[in-house]
Amino acid sequence: MKVLIANRGEVAVRIIRACEELGFTSILLHSTPDKNTLAYRLAKERFELPGNSALDTYLNIPKVVEAAKLTKADLIHPGFGFLSENADFVEALEKARLNFVGPPSSAIRLAGNKIKAKELARSLGVPIVPSFTAVEANPEKLLKEAQKVGFPCIIKAAAGGGGKGMKVARQEKEFFELYESAQREAKSAFGSDIVFIEKYLEQPRHIEVQIFFDRTQNGIHLFERECSIQRRHQKIFEESPSLSLTSNLRDQITWSALKIAKGAGYKNAGTVEFLLDTDNKFYFMELNTRLQVEHTVTEAVLGLDLVHWQFAVASGQNLPLKQDQIAQRGHAMEVRIYAENPEKEFLPSTGQITDLVFPLGPHRRFDFGYGVGDYVTTHYDPMIGKVITWAPTRKENIARMKATLDELIVFGVHTNIEFLKSVLSQPHFQENQISTRFLELEYPRGFVGAPLTLAQRDFADLCRTQPEERSSGIELAYESPWHG
């Protein structure tokens, strides 16, 4: 089985590892700047798309489809981002009789468009946030509808996800400027400038449900994740399970997620996202038609490999487990490590990674797309990796994550590690008093971090002088004995 991986960075490494475990041949599709990255070194085969920008390479549908033909790939895995939620891309693969690891183009067109997805949810009786979704509306019409919905409102891209193309208008006077900004960002990220508006909930929680469907329309949910800690609509912390949910509320949300996915004619992995207000009322937000960055925390509490499941379903197999065979155990948490400087308004940081130290320990997992000597460039997203920890309880897991980040060393670029440790130390975070506005409220003046501690520097020096004490990061990346 040959798998073309149409992506880069840590998700490409993640998929390559799954291919190795299953005996598949991994073929990495890569741009010119991504030569000699970790994914490039690990892949069995490589196919270069000359160019630097995403538009010329990872988002170029004709080139990616042609690469799939030339490499004679049996499966095409899109990872997340780029073309993973592009119905035109999947339709092009279908016409070429190429097998996509994900839902059919019809489901992506329906569910991947936030406007259509909201209409579907409404028709199925799933609550949605008050909104106005007419695609033909001009800005003047949208402003009138925003006045009806009420300020603050959020202007959102109809296509795509990941927080791009989203602007919060708190006052009427800033509406047109933010509308144009959201359109530009949406066009750049997703190729479509269609936006809509909805009421902005002041301090909601962000709860999402992992779902999986096979070719027979048999579907199950893999429980929920809490993704409320966000910066500029980008998730930074993810947890499972969510301590915000009662058993009854969990049942309502997970079955609503299944209802929406089934209504969309879904297949393979997907995520149904909800907002939970301060009165514990939930509202459907969107259906992401791909594997999520934060799928790792679901794997940790369930002891499953979701990429293995993706390959099985894409190959025509039925789901390997039934709903009553799946149960959550313990608590998992993921943080995203970015090459950025939190003390300078999170400005992206570029340069060569001169050293990496992954601290060994039980129930620690490191999904990184970079190794020592690799360069973080300006061409792509500055996320360089993720750290995932598991423990029996949330309190114990916060302590484990803090200890792990204390010993994690990334030299050569600025990172957000000190910022993440600061969040973990906040009393409101530890007490689970969180919302999507947590960072805005807890850090109203931004973040001023601390230099590397003496203990951290001593640990890094030890790892350099005694190589047996350090991990390469490659072997450790998927060595995750969660329940061992």
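In the block above lies the structure referred to throughout.
Residues numbered from 1 in each chain as written. Predicted model: local features only at pLDDT ≥ 70, side-chain atom pairs only at ≥ 80, totals over all residues. Heavy atoms only, no water.

Draft legend 1. Spotlight on the sheet that holds strand β1 (residues 2–5). Pairing in this open sheet of 4 strands is parallel, and the strands run β3-β2-β1-β4 from one edge to the other. Because the sheet does not close on itself, it has two edges, and the strands there are β3 (45–49) and β4 (75–77). For this sheet, the mean inter-axis angle between neighbouring strands, taken without regard to orientation, is 25 degrees. With 5 bridges connecting them, strand β2 (residues 25–31) and β3 associate as parallel partners. The residue of β3 that forms the bridge with serine 31 is leucine 49. Helix α1 (residues 9–22) rests against β1, β2 and β4 of the sheet, and its axis sits at about 175 degrees to β1. Across the sheet, helix α11 (residues 306–314) lies against β1 and β4, angled at about 140 degrees from β4, the strand it touches most. (Pairing = 2+ DSSP bridges. Helix = DSSP H or I, 4+ residues; strand = E, 2+ residues; numbered from the N terminus. Axes fitted to C-alpha atoms, helices over the stretch in contact; angles between N-to-C directions. Contact = heavy atoms within 4.5 Å.)

Draft legend 2. Here's a closer look at the packing of helix α12 (residues 394–407) against helix α13 (residues 417–425). Axis separation between α12 and α13 bottoms out at 10 Å; the angle between their running directions is 155 degrees. Classified by the angle their axes make, α12 and α13 are roughly antiparallel. In this structure, α12 meets α13 at a crossing whose hand is left-handed. In contact with Ile398, Met401, Lys402, Leu405 and Asp406 of α12, α13 contributes Ile417, Leu420, Lys421, Leu424 and Ser425. When its residues are assigned to classes, the contact of α12 with α13 shows 6 nonpolar, 1 polar and 3 charged. (Parallel < 35°, antiparallel > 145°, perpendicular 65-115°, else oblique. Left-handed = near helix turned anticlockwise from the far one by under 90°. Nonpolar A, V, L, I, M, F, W, Y, C, P; charged D, E, K, R; others polar.)

Draft legend 3. Summary view of the packing of helix α7 (residues 139–149) against helix α8 (residues 175–190). In contact at an axis separation of 11 Å, α7 and α8 are set at 120 degrees when each is read in the N-to-C sense. Taken together, α7 and α8 sit at an angle that is classed as oblique. For the crossing formed where α7 meets α8, the hand is right-handed. Side by side, α7 and α8 meet where Pro139, Glu140, Leu142, Leu143 and Ala146 of the first sit next to Phe175, Phe176 and Tyr179 of the second. For the contact of α7 with α8, the residue count by class is 7 nonpolar, no polar and 1 charged.

Draft legend 4. Structural view of the sheet that holds strand β7 (residues 166–169). Taken in spatial order, the 4 strands of this open sheet run β5-β8-β6-β7, and their pairing is antiparallel. On the outer flanks of this sheet lie β5 (131–132) and β7, each paired with one strand and no other. The strands touched by helix α6 (residues 114–123) within the sheet are β5, β6 (153–157) and β8 (195–199), with β8 carrying the most contacts at an inclination of about 45 degrees. Against the sheet, α7 contacts β5, β6 and β8, and its axis sits at roughly 15 degrees relative to β8.

Draft legend 5. Quick peek at the environment of leucine 306. Within the secondary structure, leucine 306 is located in helix α11. Judged by its relative accessible area of 0%, leucine 306 falls in the buried class. Sequence separation between leucine 306 and leucine 291 is 15 residues; the distance between their C-alpha atoms is 8.4 Å. Excluding anything up to four places from it in sequence, leucine 306 contacts Arg14, Gln210, Phe212, Leu222, Leu291, His295, Thr298 and Glu299. (Buried < 20%, exposed > 50% of the residue type's maximum accessible area, 1.4 Å probe, protein only.)

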